[in-house]
Amino acid sequence: MDMESASSVVLQALTQATSQDTALLKPAEEQLRQWETQPGFYSVLLNIFNNHMLDVNVRWLAVLYFKNGIDRYWRRVAPNALSEDEKTSLRAGLITNFNEPVNQIATQIAVLIAKVARLDCPRQWPELIPILLESVKGQDGLQQHRALLTFYHVTKTLASKRLAQDKRLFQDLASGIYSFACSLWSHHTDCFLQQVLAVDQAHALSSLERTLLSLKVLRKLTVHGFQEPQQNMEVMGFLNAVFERLKQFLECSKYPEKYFLEVHPCAFIPLIQRSLEFAVSYVFTAAGDGLIFERFTVQCMNLIKTIVKNEAYKPCKNIEDSKPESLEAHKIKTAFFTHPTLTEIGRRLVSHYFLLTKEELAMWEEDPEGFAVEETGGDSWKYSLRPCTEVLFLDIFHNYSQTLTPVLLEMVLNLQGPSNVEDPVQLLMKDAVYNAVGLAAYELFDNIDFDQWFNNQLLGELQVSHHRYKLIRRRVIWLIGQWISVKFKSELRPLLYEVILNLMQDPDLVTCQFLFLNVSSPVDDFEFRTEQFLPYLESIFSLLFQLLQQVTECDTKMQVLHVISCVIERVNIQIRPYVGCLVQYLPLLWKQSEEHNMLRCAILTTLVHLVQGLGAESKNLYLFLLPVIQLSTDVSQPPHVYLLEDGLELWLVTLENSPAITPELLRIFQNMSALLGEDEFADLVVTA
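No experiment lies behind these values; they were computed from the predicted model shown.

Caption draft 1: The arrangement of the overall build of the protein chain in detail. Counting its regular elements, the protein chain contains 35 helices and zero strands. Considering the protein chain as a whole, with its 688 residues, one finds that 52% of them fall into the buried category. Across the protein chain, every contact between residues at least 6 apart in sequence was considered, and the portion connecting residues at least 24 apart equals 72%. Entry remark: accessible area of the protein chain is about 32,700 Å², with carbon and sulfur atoms responsible for 53%. Averaging the locations of the 58 positively and 81 negatively charged side chains of the protein chain gives two centres separated by 4 Å.

Laid out in structure tokens, this is it:
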């Protein structure tokens, strides 16, 4: 491909490929696809995306085609592989300058350089790292940032290689550049702090980006670049310096301590004391007031949790079998976690971090169902402070229960009796304490007479009907759900069912949300007695069905269906008089859930239990049931990836409960050959 003439032709094709007009777009994409294997094509792409005068969209597309080409044609053994001469030219062109003005394109170029480095560095590309280091030292701000961005992506990619030889090469690289990387991070951190003090916002943001990039590089080098990092003074010096920097600069919350601890627990032992002092000081004392923010708090809590539960820091039951490192770590932890320290951590976790925030309470009022979904594990909940706090509480309580149990029991004792509905602080505190008691149910088995507490305290709180007391009603029914399988007399079940029945008619939807999440607990445990539940079956099942119709969130419907399935499974054939409305509603719900495969899985599970409960009467469902099985077990249909396992189970129970084999049932066996494979299916037919 002649370079000069090819450039204009490729440029025209890329321009058309960015068009919204399909008449131009499709032919251009096809032409570019044909050129992918032509010699010189990637050299043309390199020239195009390096030309800052061209349209950004065209340059962006050129980068993407180049990056995809690396995956397909860069390896020597790949079909239509690039020639060694062209690869040499491309490698040189990629690092000629680091002056890309568009951030998104700069990131893509850094990623594609890293892809090439994974395959060629250091053997075929020994000059890459020296050129990057030299460019990072430059005075030009843009060039420095782009080179540092590329340096990070290259380091990240090389650190991810897992062959022993590649690991040794990365360790050689780390030992050679570690000192430089440390000085680079220190320099940019100093610049940032100085610019913040000088209220130089523009330059401070630029320095912050460089600080974070250099810190990311150091994280990869520290975690993956040393076999015995505790023997390297520079590594240990950097890890100690992180704490000093964090005191000056809390925004550096992406520090590598936790990652280093997980990969090198023994090497981290000299840092345990300092890590705990730092994290506990900021998160559990007044030292952090007004300074810390949520993400930083999460990082600190994760660091404490990882130290507390790390198996390498626990001695064996027989002390003589313990490693010296484990004994040393255990000694440090024991000296740090004194009675006063643990008491303060326990109290602050419950009385500060467990409290519902104003934002959460506002969300409850504005969107009760949305609040319930978030509280029970929504996507944003998984990465928020609350679950992190609860996990830390559980780990610390499990490891130091002798110290923390009296602390929690005292908090419970201080809240005996109904709370004042006019005192929101007291209500929030009781909610937090009950949350702690529910989370630690198994640890508190020998310390709380739950049956007595239920009769004397909790039952009365469930009967307080004031609107503001819904906070406690919700928490108490959740608390009972936590304890039901731990310690709860079966004789109290009928009383509990009556309470549940009353609460399911609560006008506060979110109360019902937490109710149905826990109504399955008394139904789905070993102490369940069908005869105790039957007097309440019709009413509870009817209210559950109403709730299934009322809620709108996909996650909520899945949870209601789970409870309905538990009820049907437990009472079996005795559900038959009450399922008419559910049977009529499920086809509509199936149709509405076409884009929600996980909800359809929940429907399939419900149908499994429904067929088992109906027995031979399930033939009346065939008009809906058989097409559902057909779709779920058809491997040519995309949803089968999600639905196949539950669909096969539904198929099996349908056959087991069918009074006769009908032509419609036999028709589904058309799916069997694809499920088994042609040979296995033929053997099955012959055997039959």
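Caption draft 2: Representation of the environment of I307 in the model. By the secondary structure assignment, I307 is in helix α14 (residues 294-309). For I307, a relative accessible area of 0% puts it in the buried group. Non-local contacts of I307, meaning those with residues more than four positions away in its chain, are made with L261, F268, I272, S275, L276, Y313 and K333.

Caption draft 3: View of helix α9 (residues 164-197). Spanning 34 residues, α9 covers 47 Å between terminal C-alpha atoms, matching the ideal 50 Å at 1.5 Å per step. Considering bend angle alone, the principal kink of α9 is centred on I177 and spans about 50 degrees.

Caption draft 4: The arrangement of the UniProt feature "domain: Importin N-terminal" (unreviewed entry) in the protein chain in detail. UniProt tags residues 28-100 as "domain: Importin N-terminal" (unreviewed entry). Each end of residues 28-100 is marked by a C-alpha atom, and these two atoms are 26 Å apart; helix forms 63% of the span and strand 0%.

Caption draft 5: Fine view of the packing of helix α23 (residues 450-462) against helix α24 (residues 470-483). At their nearest, the axes of α23 and α24 sit 10 Å apart, and the two run at 155 degrees to each other. Comparing their axes, α24 and α23 come out roughly antiparallel. The interaxial crossing formed by α23 with α24 has left-handed handedness. Where α23 approaches α24, its residues F450, W453, F454, L458, E461 and L462 are matched on the opposing element by I472, R473, V476, I477, L479, I480 and W483.

Caption draft 6: Spotlight on the state of the cysteines. All chains considered together, the criterion is met by zero disulfides. No disulfide involves C566; its sulfur sits 16 Å from that of C601, the nearest cysteine.

Caption draft 7: Focus on the pattern of salt bridges. Scanning all chains against the criterion turns up 18 salt bridges. Of the charged contacts, one joins R468 and E422 as a salt bridge, the two residues approaching to 2.7 Å between their closest N and O atoms. A residue pair is termed long-range when its members are at least 10 positions apart, and R468 in the loop between α23 and α24 and E422 in the loop between α21 (401-413) and α22 (424-439) qualify at 46 residues. The exposure class assigned to R468 is partly exposed, which follows from its relative accessible area of 44%. For E422, a relative accessible area of 54% corresponds to the exposed category.

Caption draft 8: Quick peek at the confidence of the model for the protein chain. For the protein chain, mean pLDDT is 88; residues scoring 70 or higher make up 91% of the total. In this model residues 251-256 is a low-confidence stretch, pLDDT under 50, and it forms 22 contacts with partners more than four residues away in sequence or in other chains. This model gives residues 509-517 a pLDDT under 50, and the stretch forms 34 contacts once residues within four places in sequence are excluded.

Caption draft 9: Just the side chain of D395, in detail. Along the chain, D395 falls in helix α20 (residues 385-399). Notably, D395 is buried but unbridged: the nearest opposite-charge side chain belongs to K309, and the N-O separation is 4.1 Å.

Caption draft 10: Region of the structure containing α24. Taking 1.5 Å per residue, 14 residues should reach 20 Å; α24 reaches 20 Å between its end C-alpha atoms and fits that length. Most of α24 sits out of view: 13 of its 14 residues are buried.

Caption draft 11: The arrangement of the side chain of S214 in detail. The residue S214 is located in helix α10 (residues 201-224) in this model. With a relative accessible area of 2%, S214 lands in the buried category. Among the polar contacts made by the side chain of S214, one reaches the main-chain carbonyl oxygen of T211 at a distance of 2.9 Å. Each residue touching S214, except ones within four places of it in the same chain, is listed here: L148, L184, W185 and H188.

Caption draft 12: Highlighting unusual backbone geometry. Between C121 and P122 the backbone carries a cis peptide bond, its omega angle lying at 10 degrees. Along the polypeptide, P122 turns up in the loop between α6 (103-120) and α7 (128-136). Of note in the backbone geometry, N80 takes a positive phi value of approximately 60 degrees without being a glycine. N80 sits in the exposed class, given a relative accessible area of 52%. For N572, which is not glycine, the phi dihedral falls at a positive 55 degrees.

Caption draft 13: Geometry of the packing of helix α3 (residues 41-49) against helix α4 (residues 56-73). Axis separation between α3 and α4 bottoms out at 8 Å; the angle between their running directions is 145 degrees. Seen along the crossing, α3 lies across α4 with a hand that is left-handed. Two secondary-structure elements touch here, α3 through Y42, L45, L46, I48 and F49 and α4 through V58, R59, A62, V63, Y65, F66, G69 and Y73. Here the residues of the contact of α3 with α4 are counted per class, giving eleven nonpolar, one polar and one charged.

Criteria and cut-off values
Residues numbered from 1 in each chain as written. Predicted model: local features only at pLDDT ≥ 70, side-chain atom pairs only at ≥ 80, totals over all residues. Heavy atoms only, no water. Helix = DSSP H or I, 4+ residues; strand = E, 2+ residues; numbered from the N terminus. Buried < 20%, exposed > 50% of the residue type's maximum accessible area, 1.4 Å probe, protein only. Contact = heavy atoms within 4.5 Å. Areas by Shrake-Rupley, 256 points an atom, 1.4 Å probe, with all protein chains shown as cover. Lys, Arg positive; Asp, Glu negative; His and termini not counted. Charge placed at Lys NZ, Arg CZ, Asp CG, Glu CD. Expected span 1.5 Å × (residues − 1). Bend = angle between axes of the 7 residues up to and from the residue. UniProt positions renumbered as here; feature names shortened; annotations may be inferred. Axes fitted to C-alpha atoms, helices over the stretch in contact; angles between N-to-C directions. Parallel < 35°, antiparallel > 145°, perpendicular 65-115°, else oblique. Left-handed = near helix turned anticlockwise from the far one by under 90°. Disulfide = S-S within 2.5 Å. Salt bridge = Lys/Arg side-chain N within 4 Å of Asp/Glu carboxyl O. pLDDT = per-residue confidence, 0-100. Polar contact = N/O pair within 3.5 Å; in protein donor to acceptor, adjacent residues only side chain to side chain. Nonpolar A, V, L, I, M, F, W, Y, C, P; charged D, E, K, R; others polar.

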